[in-house]
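Chain by chain, the residues:
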Amino acid sequence: MEIHIAADARQVSEELASWITNCIQEVLKSQERFTFVLSGGSTPKRLYDLLAASPYKEEIPWEKLHFFWGDERAVPFEDDRNNAKMCYDELLNKVPVIAENIHVMRTDIEPEEAVVEYEKVLKQYFGDSETTFDFVLLGMGDDGHTLSLFPGTDVIHETKGWVNTFFLAAQDMFRITLTAPVVNAAKYVAFMAVGSGKAETLKSVLGGEKNLDKFPSQIIEPVNGELHWFVDEAAAALLEK
Ligand SMILES: O=C(O)[C@H](O)[C@@H](O)[C@H](O)[C@H](O)COP(=O)(O)O
């Protein structure tokens, strides 16, 4: 695992934009397509904004990229809480991506149906191969969740299925989420976490004892891939030097 600490949120986004661009270019030297899992939440907005502008916009071969989501809030696409909408607004509508290569978690059908459909899409891409996505971008909530793997939920411990859904009572909505097995089979996984509000949790997730029910982000451990954390000094303040 590698931790990249930058001065502030803006610099974290800049470092990550440059790192992702480099990662895409390297991976595409030996294959024709690059599969990229986008994250919702507020933190990646600035990163998406950067990727959609010079110089990254020109440096990334967008037509070779295939997009997926780590999780989705089961609200209509037009709803501002919809993760896909945010990613379209901030990134996908601004770059020359091929529409057929964008795979949203559908919220216009029942969540259970959306899960079956998404699993089907993922199986078409990755079949039974040991490696799944080329790159997964993740956020970490102040409570230690990642994807829609919230503290105390059963979905944290899913060992077989790649996609799941459950009703998140605290937010009065269904969530659709990738599970740990499919993310842990990715080549590169990068968390992005900024701000002092995440410092205590980050310390527990990275330095504390394993307690997956309390800190679901700890379950992310790529089997053969690389794990990176991109954080700012405020979030990293309590990490041991
Ligand atoms: O839909 C979601 O809520 C996200 O995908 C979630 O896993 C997010 O990444 C974290 O909650 C961090 O969110 P912030 O970036 O807003 O802190």
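Predicted model only: the values in this text are computed from it and were never measured.

Thresholds applied
Residues numbered from 1 in each chain as written. Predicted model: local features only at pLDDT ≥ 70, side-chain atom pairs only at ≥ 80, totals over all residues. Helix = DSSP H or I, 4+ residues; strand = E, 2+ residues; numbered from the N terminus. Expected span 1.5 Å × (residues − 1). Buried ≥ 20, exposed ≤ 12 C-beta atoms within 10 Å, placed from the backbone. Arc of directions from axis to C-beta. Contact = placed C-beta atoms within 7 Å. UniProt positions renumbered as here; feature names shortened; annotations may be inferred. Near = placed C-beta within 6 Å. Nonpolar A, V, L, I, M, F, W, Y, C, P; charged D, E, K, R; others polar. pLDDT = per-residue confidence, 0-100. Pairing = 2+ DSSP bridges. Axes fitted to C-alpha atoms, helices over the stretch in contact; angles between N-to-C directions.

1. Focus: helix α5 (residues 111–126)
Right, so step 1: In this model α5 runs 22 Å from its N-terminal to its C-terminal C-alpha over 16 residues, within 8% of the 22 Å that 1.5 Å per residue would give.
Right, so step 2: Where α5 is concerned, the buried positions are A114, V115 and Y118. One side of α5 holds all its buried residues, which, seen down the axis, span an arc of 100°. Away from the buried face of α5 by more than 90 degrees, exposed residues E112, E113, V116, K120, K123 and Q124 are located.
Right, so step 3: In this structure, the buried side of α5 is in contact with β6 (163–168) and β7 (173–178).

2. Details of the UniProt feature "domain: Glucosamine/galactosamine-6-phosphate isomerase" (unreviewed entry) in the protein
Right, so step 1: UniProt feature "domain: Glucosamine/galactosamine-6-phosphate isomerase" (unreviewed entry): in the numbering of this structure it lies at residues 8–229.
Right, so step 2: Structurally, residues 8–229 is divided into 30% helix and 18% strand, and its ends, taken at the C-alpha atoms, are 14 Å apart.

3. Some words on the site of the ligand
Right, so step 1: Taken together, 15 residues form the shell around the ligand, and within it G40, G41, T43, G139 and G141 come nearest.
Right, so step 2: Residue classes in the shell around the ligand are distributed as two nonpolar, eleven polar and two charged.

4. Comments concerning the confidence of the model for the protein
Right, so step 1: With 100% of its residues at a pLDDT of 70 or more, the protein shows a mean pLDDT of 97.
Right, so step 2: Interface predicted TM-score (ipTM) for the complex: 0.95; the corresponding pTM is 0.98.

5. A few points about the sheet that holds β7
Right, so step 1: Pairing is antiparallel across the open sheet formed by three strands, whose spatial order is β4-β7-β6. Because the sheet does not close on itself, it has two edges, and the strands there are β4 (71–73) and β6. When the angles between neighbouring strand axes are averaged without regard to direction, this sheet yields 20°.

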